[in-house]
Amino acid sequence: MAPMENIVVQMDGKPGFPADVVGGRTMETPFSVSLSVPASPSSETKLGVHHLAVPLRQARQHSLPSPAVRGSAEVPAVPRSNTARKRDRRFDRLRTFSGRLDRQLSTLRGLSQELPAADLERGSAKISEEDTDDDHDVPTAGRYFDALEGAELDTLRSTEVAVLPKDELWPFLLRFPISAFGMCLGVSSQAMLWKTLESEPSMAFLRVCPAANHVLWWISVALTAVVSIVYLLKVVFYFEAVRREFHHPVRVNFFFAPWVACLFLVKGVPRPEWEIHHLFWYFLMVPILCLDLKIYGQWMSSGERRLSKVANPSNHLAVVGNFVGALLGARMGLRELPIFFFAVGLAHYAVLFVTLYQRLPTNKQLPKELHPVFFLFVAAPSVASMAWARISGEFNNGAKLLYFVSLFLYVSLVVRVNLFRGLRFSLAWWAYTFPMTSVALATVLYASEVNNMLTLTLAVGLSGIAVLTVIGVLATTVYHAFVCGDLFPNDVSIAIKQKRPKFSNILAHLRLPTPASSSSSSANSRTTSSIGESPVIYGHERAEC
Amino acid sequence: MAPMENIVVQMDGKPGFPADVVGGRTMETPFSVSLSVPASPSSETKLGVHHLAVPLRQARQHSLPSPAVRGSAEVPAVPRSNTARKRDRRFDRLRTFSGRLDRQLSTLRGLSQELPAADLERGSAKISEEDTDDDHDVPTAGRYFDALEGAELDTLRSTEVAVLPKDELWPFLLRFPISAFGMCLGVSSQAMLWKTLESEPSMAFLRVCPAANHVLWWISVALTAVVSIVYLLKVVFYFEAVRREFHHPVRVNFFFAPWVACLFLVKGVPRPEWEIHHLFWYFLMVPILCLDLKIYGQWMSSGERRLSKVANPSNHLAVVGNFVGALLGARMGLRELPIFFFAVGLAHYAVLFVTLYQRLPTNKQLPKELHPVFFLFVAAPSVASMAWARISGEFNNGAKLLYFVSLFLYVSLVVRVNLFRGLRFSLAWWAYTFPMTSVALATVLYASEVNNMLTLTLAVGLSGIAVLTVIGVLATTVYHAFVCGDLFPNDVSIAIKQKRPKFSNILAHLRLPTPASSSSSSANSRTTSSIGESPVIYGHERAEC
Amino acid sequence: MAPMENIVVQMDGKPGFPADVVGGRTMETPFSVSLSVPASPSSETKLGVHHLAVPLRQARQHSLPSPAVRGSAEVPAVPRSNTARKRDRRFDRLRTFSGRLDRQLSTLRGLSQELPAADLERGSAKISEEDTDDDHDVPTAGRYFDALEGAELDTLRSTEVAVLPKDELWPFLLRFPISAFGMCLGVSSQAMLWKTLESEPSMAFLRVCPAANHVLWWISVALTAVVSIVYLLKVVFYFEAVRREFHHPVRVNFFFAPWVACLFLVKGVPRPEWEIHHLFWYFLMVPILCLDLKIYGQWMSSGERRLSKVANPSNHLAVVGNFVGALLGARMGLRELPIFFFAVGLAHYAVLFVTLYQRLPTNKQLPKELHPVFFLFVAAPSVASMAWARISGEFNNGAKLLYFVSLFLYVSLVVRVNLFRGLRFSLAWWAYTFPMTSVALATVLYASEVNNMLTLTLAVGLSGIAVLTVIGVLATTVYHAFVCGDLFPNDVSIAIKQKRPKFSNILAHLRLPTPASSSSSSANSRTTSSIGESPVIYGHERAEC
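Model, not experiment: these values are computed from the prediction. (Residues numbered from 1 in each chain as written. Chains lettered and ligands numbered in written order. Predicted model: local features only at pLDDT ≥ 70, side-chain atom pairs only at ≥ 80, totals over all residues. Heavy atoms only, no water.)

Q: A description of the overall build of chain A should follow, citing residues and the corresponding values.
A: Helix and strand content of chain A: 21 helices and 4 strands. Relative to its full complement of 545 residues, chain A shows a buried share of 62%. Restricting to contacts in chain A with at least 6 residues of sequence separation, those with at least 24 account for 83%. Carbon and sulfur atoms make up 63% of the accessible area of chain A, which amounts to about 20,300 Å² in all. (Helix = DSSP H or I, 4+ residues; strand = E, 2+ residues; numbered from the N terminus. Buried < 20%, exposed > 50% of the residue type's maximum accessible area, 1.4 Å probe, protein only. Contact = heavy atoms within 4.5 Å. Areas by Shrake-Rupley, 256 points an atom, 1.4 Å probe, with all protein chains shown as cover.)

Structure (structure tokens):
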């Protein structure tokens with residue numbers, strides 16, 4: 001009964017790719033980004049990763065726990081295993097090549113001697129004991145709502161126990177959420193805005209320099225490329241984590257963001273003489289259509305993810321892609337397909353608008369207080385007005401109706417803006433700022449149609465607010481990245497358990513918050529989740545990217 | 001205590017009209033169609049029906065007498081009466097001329113000697129005892145939801161006890177549901193499709209023979225006539241059953257089907273030179289308007305049948321009639337009234353679309369899994385797009401928006417089509433196939449407006465799918481009619497009890513599933529419904545129609 | 001046991017302004033209008049009100065109560081107080097200058113000797129004991145629904161205890177609800193109707209005399225002025241009561257009524273040559289926009305007053321203002337701002353229409369039975385159709401769609417009109433009649449566009465119904481004012497307690513329904529609300545206005 005003797009600190013994993021690619025421009029931060037690319041055989045060979053596991057073992061008896069420091073990559077407390085060169089098992093459940101598959105592959109290749117048989121057995125036993133339903137299935141939508149809270153459903157409720165250790169920093173890829181594409185939305189929409197300010201005749205008096213568009217566009221391209229590559233790596237190495245993000249009722253909407261950002265990039269391409277080929281548009285609209293079919297189909301026909309349950313403002317992201325596509329397509333000279341996407345968007349926007357306005361009692365996760373997520377209300381009608389104006393060939397009454405709705409919603413939020421204070425920053429805020437840019441863009445178009453002092457003032461004012469907001473969010477991002485070092489906190493929303501934890505688990509969890517102590521707890525807490533169970537805890541190399 | 005002795009086989013009822021009229025073309029089946037036209041004096045004389053009741057009575061001892069049959073006017077268990085020539089009482093509650101009325105009429109005509117006084121007394125006593133609320137009232141909407149399940153609310157829950165015997169075949173008219181008009185919808189819309197394929201210039205390259213339209217139209221006319229006549233007979237003889245269908249939350253929407261089918265017939269009339277008079281249109285739109293007022297009024301102002309409770313995809317049938325009427329009216333050259341019906345349809349379609357998409361938790365009966373009923377989603381927008389195109393004089397943007405919405409919904413369902421397998425066939429499926437024809441029709445019109453290879457391919461493809469689907473459903477219908485002989489199963493959805501059965505009833509019902517054994521049950525099962533109580537089983541003459 | 005001995009008639013308060021201004025034309029009634037302007041120092045001096053409290057006290061012992069007659073102005077039962085010249089404390093909680101503030105002011109001015117110290121102490125004790133949360137906060141939306149019932153949420157549930165005495169007539173201002181502006185809506189819309197009947201070419205055959213418009217308009221102006229002044233006095237003297245009306249889920253919508261009535265007045269101004277300046281329009285639309293932002297913002301972002309909770313037909317009043325504004329603005333030659341208001345109105349009307357049609361189970365207060373409030377359903381689309389026709393410059397298809405929707409809803413209600421019988425009249429009915437006028441107006445415009453016998457008949461018929469309805473409601477109002485004398489009953493909906501009364505309170509309240517007995521009841525009923533506590537009850541002077 002002396003589990004705590006076995007403390008193994010193990011440096012596990014090296015970055016599988018150059019740090020300057022991983023971190024990118026916006027990620028050159030001093031905070032810890034531990035790129036522990038998992039040790040699946042295929043990836044090991046392909047990417048040339050060597051696992052330099054350096055277990056540090058210390059005798060510990062009845063020790064009150066070395067409280068694992070949140071945010072540090074090294075984590076001790078390995079109670080029973082003596083083996084050096086060990087892989088970090090705790091994140092296996094989210095890995096593309098997770099434990100069982102890994103072992104199967106290893107066995108096939110005769111590599112089973114790499115893992116001691118005892119460990120294999122214990123692993124299997126554990127899996128059969130408690131992970132049977134947890135391992136490869138994704139939590140239901142109801143579980144997400146039960147286990148998480150907050151406007152973005154990203155905070156674990158106090159009664160919940162995460163499947164991943166909460167008190168240490170996870171691998172960087174696991175902490176890199178899909179909402180990071182919000183940054184791309186924010187910046188690339190700015191590029192669009194500056195291009196429009198430069199080109200629209202009504203704004204000619206501003207004499208905007210084309211350089212602004214140029215610079216912003218290239219920044220957007222670079223940012224989108226970096227974010228895409230990093231997320232692709234996550235798809236490759238932690239497919240389970242991506243799958244859980246895709247099933248997350250709020251996060252799933254951000255899967256539209258990459259494609260919308262690309263549409264923004266195509267729309268905001270600096271020189272109009274660069275003729276973007278129609279194929280780009282088709283290429284970008286196919287995934288949007290597939291996501292539409294998937295998401296809207298779930299709203300209508302699924303029991304678990306029906307709209308009256310999952311409706312939240314971030315659903316607007318699922319709608320706005322259609323309008324952006326329609327806008328760009330019409331701009332490119334296409335005629336029928338933009339109307340198709342506009343129609344699909346409009347029908348589902350109407351449904352969403354009514355549903356969100358009603359605030360059905362079943363929409364549990366709608367935040368009680370206002371939140372930047374509400375600004376997404378403004379995005380869809382403003383982009384839709386631009387799309388309809390482009391489809392119709394003029395800023396007609398239909399486009400005006402949509403535009404004015406977005407303007408009213410915007411004013412309605414702005415007069416309550418002091419309610420937005422005191423909220424925790426997250427990367428998703430970038431997505432919540434692009435609606436401001438959209439409404440500014442629509443106002444510029446509107447001012448070209450109705451050209452008077454009031455509309456020009458409005459256009460300039462809204463553009464200014466949009467620019468300032470983006471600068472503000474940028475500053476906050478930089479602050480969180482460089483000063484606080486918490487731009488990418490542990491993404492607990494993908495680490496919830498599939499089933500409601502038993503009361504005993506919660507109790508044990510609350511009593512014994514650290515892994516070191518929990519393992520010593522008692523014999524009857526065998527099921528206290530991976531925290532209590534994981535006997536080997538690996539450290540992660542700090543990637544100074 | 002010898003229950004099995006008391007077997008009474010009674011040949012009851014003769015078909016009241018020639019079999020070739022009843023069965024029609026699609027009903028020439030070997031399965032049992034027992035046309036037991038009830039024995040009300042008036043109908044007896046009119047239709048010349050003779051009831052050859054041959055009660056076989058056997059001695060019964062220690063039998064607890066005439067266990068009062070809950071809710072039925074029928075009298076099985078004939079302990080005291082010796083009279084031959086007895087009527088089947090069990091279906092009286094659904095008869096237009098049910099027991100009490102019958103007796104009153106009999107009394108008026110001095111025919112009371114036909115029924116022994118004791119029976120009359122016992123009947124009255126029974127009625128006053130337990131049938132006070134059951135007899136002539138219709139179950140509330142809530143009861144339908146509580147007692148039935150399935151996408152069409154046509155399956156009795158296991159905890160429920162039907163008021164009619166479940167384990168024998170009911171009279172044919174009682175088993176003939178209003179949803180049989182779905183067949184008319186399916187076939188007549190095909191006639192329309194072939195007419196359009198023949199006449200639209202964009203489809204000229206197909207060189208469709210006018211004969212297809214001719215043949216299909218005449219088939220549709222004949223089918224509609226037959227179904228109408230049979231259902232009219234049901235209205236005459238089993239008005240209570242019709243009333244219960246009208247109060248059934250799903251079935252009520254099928255009351256639009258006869259009129260919509262007629263509109264389809266008028267629209268698909270083979271030779272355009274046959275000028276259909278406007279009066280036909282007015283004649284057909286009046287019942288639709290009345291139903292609109294009734295049904296939509298219930299949605300809005302009724303507590304029991306409000307939309308948040310009764311919303312289900314079959315409500316689309318209640319909306320689509322307006323669009324079909326608008327389409328036909330505009331086609332006939334009317335101007336304002338089609339817009340009226342289009343407006344009414346559009347407003348309520350918007351409400352319905354949002355409500356169904358939300359899948360409110362109060363919409364209990366929405367099927368968990370996909371079901372052909374979901375194809376009704378496609379019908380309304382596609383017909384609406386055609387109607388708006390006809391009203392506007394061109395396939396303009398408004399019509400395109402509606403058309404594309406229907407196309408998206410169609411694709412959204414088709415990609416999930418493998419979920420539709422394994423469902424029990426019902427006649428209502430015919431109604432669920434006409435949306436496919438509608439969308440094919442709209443696509444043909446659209447292809448005439450936007451004439452390119454893609455749209456032509458789409459038009460031909462969707463028409464092909466529609467034709468194949470109808471052929472498939474036809475084959476299934478024929479299979480069920482001729483091979484399985486279960487095209488018209490007992491329609492339990494009109495035979496639910498008005499009140500929740502007591503637990504003792506359910507228990508007794510579960511314990512004693514067969515009528516033969518039930519009569520021996522015990523003294524404390526006095527209220528175990530007609531199933532448990534009826535010791536006399538009537539046979540039905542098989543009508544070889 | 002001699003209850004009837006204790007008759008105290010007390011003449012309290014004098015009207016603070018000339019009676020002919022207060023009562024106005026429609027209020028020249030013999031029923032009791034007690035204008036007890038409260039005794040705050042400032043108002044006393046300003047308006048010169050003298051409280052001539054003449055308490056007549058008689059000995060009472062164990063008397064069972066003189067059951068106070070609801071609606072009568074005489075109130076007996078003055079058990080403990082001997083002081084002459086006393087202020088009525090019971091309405092202090094709704095006064096702008098309520099008790100505590102009053103005393104503070106008094107103390108500041110050295111006027112505390114006016115009130116005996118004992119009374120002050122007792123008052124403070126009472127406040128500290130039970131009024132801590134009741135005094136200056138407004139009940140939550142949930143409380144309104146819990147405590148009140150009826151389509152207008154104006155009847156106290158039997159389990160509730162009001163904070164004001166239920167069994168005597170309150171001061172007139174407290175009984176003057178915001179829904180009194182409904183009268184202005186009803187009459188001024190009639191002025192508009194007659195102006196349109198006179199000016200539209202399609203109605204020229206009626207040869208309507210311009211005098212009708214003239215007379216109605218001036219009556220409307222006078223009525224609006226009187227109602228506005230009286231309500232302004234309520235705002236000044238009973239701001240708490242106004243605040244409670246503003247938080248009342250039904251009443252809040254009537255705060256749009258004053259501005260809409262003014263818009264009607266501007267629209268119906270007799271001579272078109274009187275050019276109303278645009279500034280009027282801006283001046284009237286600013287409060288409507290502010291109310292829009294407030295109310296719609298609550299629908300969307302508030303937890304307590306979200307739409308799925310507060311939706312009721314009177315919300316239409318909150319939408320119709322936008323359409324009226326758009327109509328008038330477009331009529332005045334403005335272009336963009338009318339579209340803005342139309343867009344805002346349309347978006348929220350769509351949300352409201354769907355929500356009300358669904359009748360969500362959370363919308364508790366929707367009346368089970370039909371009610372005149374349902375006629376508000378007709379108002380928004382008919383006004384919207386006129387607005388869109390004016391914005392578009394012609395009665396185009398969009399306007400027709402809206403018009404036909406209103407027509408259908410109208411017919412849908414009219415065929416159920418016999419369900420409206422037997423309802424208690426209230427001033428709000430005036431607001432429920434203006435939709436009839438609106439639909440008549442829209443029909444006249446439509447008849448100018450589509451000029452045939454049917455439309456002309458419809459226009460004349462609907463106008464006739466509207467006129468007859470208004471006359472009917474007018475007659476009912478006069479009847480209630482002059483004959484019954486209960487036009488302004490106690491407005492219990494502003495007098496609900498903030499918290500659910502304890503069961504003991506309810507019990508005590510039910511057991512001891514009258515103040516006379518309650519004071520003698522027992523020591524443990526100290527908290528039985530103001531009814532049981534108020535030792536001094538004042539009579540009110542009858543204002544023969």
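Q: Run through the packing of helix α14 (residues 336–358) of chain C against helix α15 (residues 376–392) of chain C, naming residues and quoting values.
A: Residues and elements named next belong to chain C. With their axes 11 Å apart at the nearest point, α14 and α15 run at an angle of 150° to one another. Relative to α15, α14 is oriented roughly antiparallel. When you trace α14 past α15, the crossing you get is left-handed. Facing Pro338, Ile339, Phe342, Tyr349, Phe353 and Leu356 of α14, the residues of α15 in contact are Phe377, Ala380, Pro381, Ala384, Ala387, Trp388 and Ile391. (Axes fitted to C-alpha atoms, helices over the stretch in contact; angles between N-to-C directions. Parallel < 35°, antiparallel > 145°, perpendicular 65-115°, else oblique. Left-handed = near helix turned anticlockwise from the far one by under 90°.)

Q: Please set out the interface of chain B and chain C residue by residue, giving values where relevant.
A: Interfaces are frequently sized by the accessible area removed from exposure as the parts join. If you look at the interface, chain B gives 33 residues, while chain C gives 24 residues. In terms of surface lost to chain C, no three residues of chain B exceed Leu293(B), Met300(B) and Glu336(B), which account for 28% of the buried area on that side. A salt bridge links Lys400(C) to Glu336(B), with the nearest nitrogen and oxygen atoms 3.0 Å apart. Our enumeration of links across chain B and chain C arrives at 8 residue pairs in polar contact (both at pLDDT 80 or more). Those elements giving two or more residues to the side of chain B that touches chain C turn out to be α11 (278–301), α12 (307–310), α14 (336–358) and α15 (376–392) of chain B. Ranked by residue count, the leading element in the side of chain B that touches chain C is α14(B), at 13 residues. (Buried area = accessible area lost by both parts, 1.4 Å probe. Salt bridge = Lys/Arg side-chain N within 4 Å of Asp/Glu carboxyl O. Polar contact = N/O pair within 3.5 Å; in protein donor to acceptor, adjacent residues only side chain to side chain.)

Q: Help me get a handle on the interface of chain B and chain A, residues and values and all.
A: Opposite the 24 residues of chain B that make contact, chain A presents 33 residues. Interface of chain B and chain A: buried area, both sides summed, is about 2,500 Å²; carbon and sulfur atoms make up 70% of it. For the chain B face of the interface with chain A, the top three residues by lost area are Tyr357(B), Gln358(B) and Phe408(B), together amounting to 28%. Inspection of the chain B/chain A interface yields 1 salt bridge. The tally of links from chain B across to chain A stands at 7 residue pairs in polar contact (both at pLDDT 80 or more). Of all the secondary structure elements, the ones that give two or more residues to the side of chain B that touches chain A are α14 and α16 (397–414) of chain B. Per-element accounting of the side of chain B that touches chain A gives the leading share, 10 residues, to α16(B). Here the residues of the side of chain B that touches chain A sort into 17 nonpolar, 3 polar and 4 charged. (Nonpolar A, V, L, I, M, F, W, Y, C, P; charged D, E, K, R; others polar.)

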